[in-house]
Amino acid sequence: MIVKVSKTTGVHGELAISGSKNASLPALCASLLTKEWLTLENVPLIDDIYKMLAILKSIGCEYTVENHTVQIRSPNPNHKVLTEVVGDIRASYYLMGALLSRKKKVLIGYPGGCNLGKRPIDFHLKAFHDLGYRITEEEKFLHIVYNGTKKHRLRFVKETVGGTINALFASCRLEGVTVIENASLEPEVIDIIELLNKMGAKIEKNDNHVITVTGVKKLKGTMHKVIFDRMEAGSYMLLASSLPNSNLTIYPVDASLLRTVISVIRSTKTKVKIMNDSINIVSTENLQPLNVLIGPYPFFPTDLQQILSAMLLRAQGKSVIEDTVFPGRISHINELKKLGGNIYLDEPQNKIVINKSDLIGARVKAHDLRCTFGLIVAGGMANNSTIVENAENVLRGYENPILKLKSIGFLIDEI
Ligand code: EPU
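So, here's what we can say about the structure. (Residues numbered from 1 in each chain as written. Predicted model: local features only at pLDDT ≥ 70, side-chain atom pairs only at ≥ 80, totals over all residues. Heavy atoms only, no water.)

**Focus: empty space enclosed by the protein**
So, point 1. Applying the stated criterion across every chain, the model contains three cavities of 30 Å³ or more.
So, point 2. If you add up the space inside the largest cavity, you get close to 70 Å³.
So, point 3. Elements with a contribution of two residues or more to the lining of the largest cavity: helix H7 (230-242) and helix H8 (259-266).
So, point 4. At three residues, H8 tops the list of elements feeding residues into the lining of the largest cavity.
So, point 5. Its residues assigned to classes, the lining of the largest cavity shows nine nonpolar, one polar and two charged. (1 Å grid on protein atoms, 1.4 Å probe; cavity = no way out; pocket = protein on both sides within 12 Å on 5 of 7 lines; lining within 4 Å. Points joined across faces, edges and corners; volume = space filled by probe spheres on them. Helix = DSSP H or I, 4+ residues; strand = E, 2+ residues; numbered from the N terminus. Nonpolar A, V, L, I, M, F, W, Y, C, P; charged D, E, K, R; others polar.)

Given below as structure tokens:
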């Protein structure tokens, strides 16, 4: 897909935010933990969700999709996940933990997903190992089988969203208590804990990032509304802040889950008003530069780093971003340079340095999901028109982005 973006002075009106991609993907896999029907509401209809559904279908799951509600059940899933779609998305790693829980064994290839630099799954595999699963590799397939010698305590060396959810899946139906230390408690992980507990799991967490799982024999079906997509909300908030004449309200959102994003945006002198379940952004001509440290929640999220980078090209001075989660998430830098962006990676420091730039439209290439949204934002800031190639990447994680952008007055067309 190729899109043409024209200079846009501001976005206006109200915009509905979809359900969370990164909570829906593991929630769909949680259906493997029971024979019963699971009903998930507020699932975004995006490419990564359709890919996950295709993988689940290939191992015998049945489902219906109506509006944003997915009803899904897995009467007898196959533990061999042979479809190549596994290599198309990152979240296919959730099939490992979920199938281990249900079948005590899994045969699956490595996950794919956006190229954000090094993205190993060693933390997941170490967690499975500690939970008593034996792992072997056969011709690019991982073969993981339960051998019954479980540790009662496991510790992640670094907070990991996917690793934590996989450890929850793989432990919640094992006998006895499992303590997971240095667990990720991103809102999407907490959403999955709520879902699993509704299904009958016994999972408790504390503020020190320790999760205690008391194994249960069986899980049951339930109904669950997936939380809103913090990253979609943040993306449109940054888009509005990037253009000098915006007045945009997004809903329905829980502003407490966006508090760092809100405080970062406020420190640029953009006005952010928090209402009941909505947030209003009124942009400023005089955007201020920033120093931003990216880290696990509640730090500013890595998923918004590339979009923030684009926005800061309009700030009145030098900004610096340090992404400690995915330092290799830099595919946008060379593309923003093509638009005249004064942005570079300070390699020794591993920091992205961004200076005020007058952008001029050009032809750019989108390399991954968030890079695409960042380039669209930059295109709106640039004089003349910008052509974004490989823009289909945006469809992996944003629901109806072109329609939504047009509805708030952003000048974009698929060509
Ligand atoms: N890490 C390892 N080994 C592992 C797992 C992670 O070294 O086995 C490292 C990563 O390289 C990274 C850090 O640990 O430095 C944290 O990675 P994490 O495991 O939390 O990331 P993830 O689970 O693979 C999810 C989201 C990402 C999001 C990150 C961080 C999904 C499907 N993906 O990835 O979303 O950036 O958490 O919040 O939930 C996106 O939506 O654009 C996206 C990339």
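**Let's talk about unusual backbone geometry**
For residues other than glycine, phi is negative in most cases, and the peptide bonds are mostly trans.
So, point 1. The residue after Tyr251, namely Pro252, is reached through a cis peptide bond having omega -15°.
So, point 2. Mapped onto the elements, Pro252 comes out in the loop between strand E15 (247-251) and H8.
So, point 3. Along the chain, Tyr297 connects to Pro298 via a cis peptide bond; the corresponding omega equals 10°.
So, point 4. Here Pro298 lies in the loop between strand E18 (291-294) and helix H9 (305-312).
So, point 5. Phi at Asn42 takes a positive value of approximately 65°, unusual for a residue other than glycine.

**Details of the environment of Gly341**
So, point 1. Here Gly341 is to be found in the loop between helix H10 (331-338) and strand E20 (342-346).
So, point 2. Residue classification places Gly341 among the buried residues on the basis of a relative accessible area of 8%.
So, point 3. For the pair Gly341 and Ala240, spaced 101 residues apart in sequence, the C-alpha to C-alpha distance is 19 Å.
So, point 4. Not counting chain neighbours up to four residues away, the residues in contact with Gly341 comprise Leu313, Leu336, Ser357 and Leu359. (Buried < 20%, exposed > 50% of the residue type's maximum accessible area, 1.4 Å probe, protein only. Contact = heavy atoms within 4.5 Å.)

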